[in-house]
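Architecture at a glance
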Amino acid sequence: MHQSFRRSFCWLVFFMASCLQPLVVSGAEERPSQKVRFATFNVSLYGERSGEVANRIADGNDPQARALAEIIQRVRPDVLLLNEVDYTPDGLLQRTFHDRYLAVSQNVTKSPDGLTKPIEYPHRYSAPSNTGVHSGRDLDHNGVIDSRPGSNDYGADSWGYGRYEGQYAMVVMSRFPIDKENIRTFQKFLWQDMPSAKVPNEVESPASWYTPKTLDHFRLSSKNHLDVPLLINGKRVHLLASHPTPPGFDGPEDRNGLRNEAEIQFWVDYINPERNYHYDDRGKTGGLPGDALFVVAGDLNADPIDGSDSPAINRLLRSSRVSQAEAPASRGGEEQAKKQAGANQSHKGPDKHDTLDAPDREDKGDPGNLRVDYVVPSKGFRVIESGIFWPSSDDPLSELTGEHPFPSSDHRLVWVDVEFE
């Protein structure tokens, strides 16, 4: 999450979680070949201006990038979604991160088990993002339209918040082939084209905000929605990737809260063959067929119990199309929620499910630690094991996650092992 939440929300408890062992994370080479490890990781690899991060990590010695790479090398996902990686058409940043960090042994922690093994992903994909694509309109109603990249006003008046175009984008990395000809992107799908969508506008409920003329151009996705088909062991699996806007930083109109709900609802409807309203950037219509295998992944910026009032995340988790497995868990998340206290003390969801180490000051409206990052497999997969890379403080690897200011990211890598039924 590139900004902290500032509103609270309630929901019903759904998942029970398993415990992640503090030190041992099995590698891909140790898993039977029929098992596949999917992971999502918001790496917070962004800067203040376009090109800054690419220059910063160019020599292979950037401390943050090295810590991120070591985490990935220790978890060893087969399919990995990265959130908050700058998008550039030439793919320079993702190529540099892969070749100079992931493909090079890391041991930032000086762990007694020695250097981590390099990991390579021969198949990679990134897509344009609505972040930093300026609307030319005063979307936040502050009386300022700043079309110069770099300012908060610029970001707030873009179709997705970003101080420059491509900030907070996504990258898919895979050991398995990507069917690039059949990737679907939904960058330009309009918010008002979602049936029954709650859109803050100036002529109808729930609140007055966007004009009809603005809504005729307003894109639903704050970044993008991606359907990336993977060819895994003779089967086609759709990786459904997104990063909805945080449900805060607004007012009574609740424009970001409503948008977060709609961005998650997009997938709830996409996997339901009876909800057939989607159109992609090539003009193809419809969602997934009822027998399709898929994995929904990403930083969805919604906790099913604490931190926002969007019900869409619960609709996704309870969908008859998804596997009803236990939620990923960690010991570090449980430990840090107790240690940091503050807003965490009022939470009702299990702390071991948290994936975000957010600010905890109740007097500032901080949300505390939350579960916002997800890997949700469809029916047709058997979930074997899952976890969150958040070691407890007695584990040498806790140096990779740390506390604010974080050496890697304020988010934790979430992984799920599956096999085909």
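Conventions and cut-offs
- Residues numbered from 1 in each chain as written.
- Predicted model: local features only at pLDDT ≥ 70, side-chain atom pairs only at ≥ 80, totals over all residues.
- Heavy atoms only, no water.
- Helix = DSSP H or I, 4+ residues; strand = E, 2+ residues; numbered from the N terminus.
- Buried < 20%, exposed > 50% of the residue type's maximum accessible area, 1.4 Å probe, protein only.
- Contact = heavy atoms within 4.5 Å.
- Salt bridge = Lys/Arg side-chain N within 4 Å of Asp/Glu carboxyl O.
- pLDDT = per-residue confidence, 0-100.
- Pairing = 2+ DSSP bridges.
- Axes fitted to C-alpha atoms, helices over the stretch in contact; angles between N-to-C directions.
- Polar contact = N/O pair within 3.5 Å; in protein donor to acceptor, adjacent residues only side chain to side chain.

**Remarks on the overall build of the protein**
The secondary structure content of the protein amounts to eight helices and eleven strands. Counting all 421 residues of the protein, 61% fall into the buried class. Of the contacts formed within the protein by residues at least 6 apart in sequence, a portion of 76% connects residues at least 24 apart.

**A word on the pattern of salt bridges**
This model, assessed by the stated rule, comprises 16 salt bridges. Between Arg 275 and Asp 269 there is a salt bridge, and its shortest N-O distance comes to 3.5 Å. With relative accessibility at 3%, the residue Asp 269 sits in the buried group.

**As for the confidence of the model for the protein**
Scored by pLDDT, the protein comes out at a mean of 90, with 89% of its residues at no less than 70. Contacts for the low-pLDDT stretch residues 2-30, under 50 throughout, to residues beyond four places or in other chains number 113 contacts.

**Some details on the sheet that holds strand S8 (residues 293-299)**
Overall, mixed pairing links the five strands, which are arranged S5-S6-S7-S8-S9 in an open sheet. Each of the sheet's edge strands pairs with one partner strand only, and the pair in question is strand S5 (184-185) and strand S9 (373-377). Of the strand pairs in this sheet, strand S7 (residues 235-242) and S8 are connected by five bridges, and their pairing is parallel. Its bridge partner being in S8, Leu 239 is matched across the sheet by Val 295. Strands in contact with helix H6 (residues 255-270) are S5, strand S6 (225-232), S7 and S8; relative to S6, the strand with the most contacts, it is inclined by about 45°.

**Overview of the sheet that holds strand S3 (residues 123-126)**
Ordered in space as S3-S4-S2-S1-S11-S10, the six strands form an open sheet in which the pairing is mixed. The two strands at the open ends of the sheet, each matched to only one other strand, are S3 and strand S10 (381-388). Ignoring strand direction, the axes of neighbouring strands in this sheet form an average angle of 15°. Relative to strand S4 (residues 169-174), strand S2 (residues 79-85) runs antiparallel, the two sharing six bridges. When the bridges of S4 are listed, Leu 82 appears paired with Val 171. On the sheet, helix H2 (residues 63-75) packs against strand S1 (35-45), S2 and strand S11 (414-420) and is oriented at approximately 165° with respect to S1.

**Observations concerning the side chain of His 411**
Of note, His 411 is situated in the loop between S10 and S11. Among the polar contacts listed, one links the side chain of His 411 to the side chain of Asn 42, at a separation of 3.4 Å.

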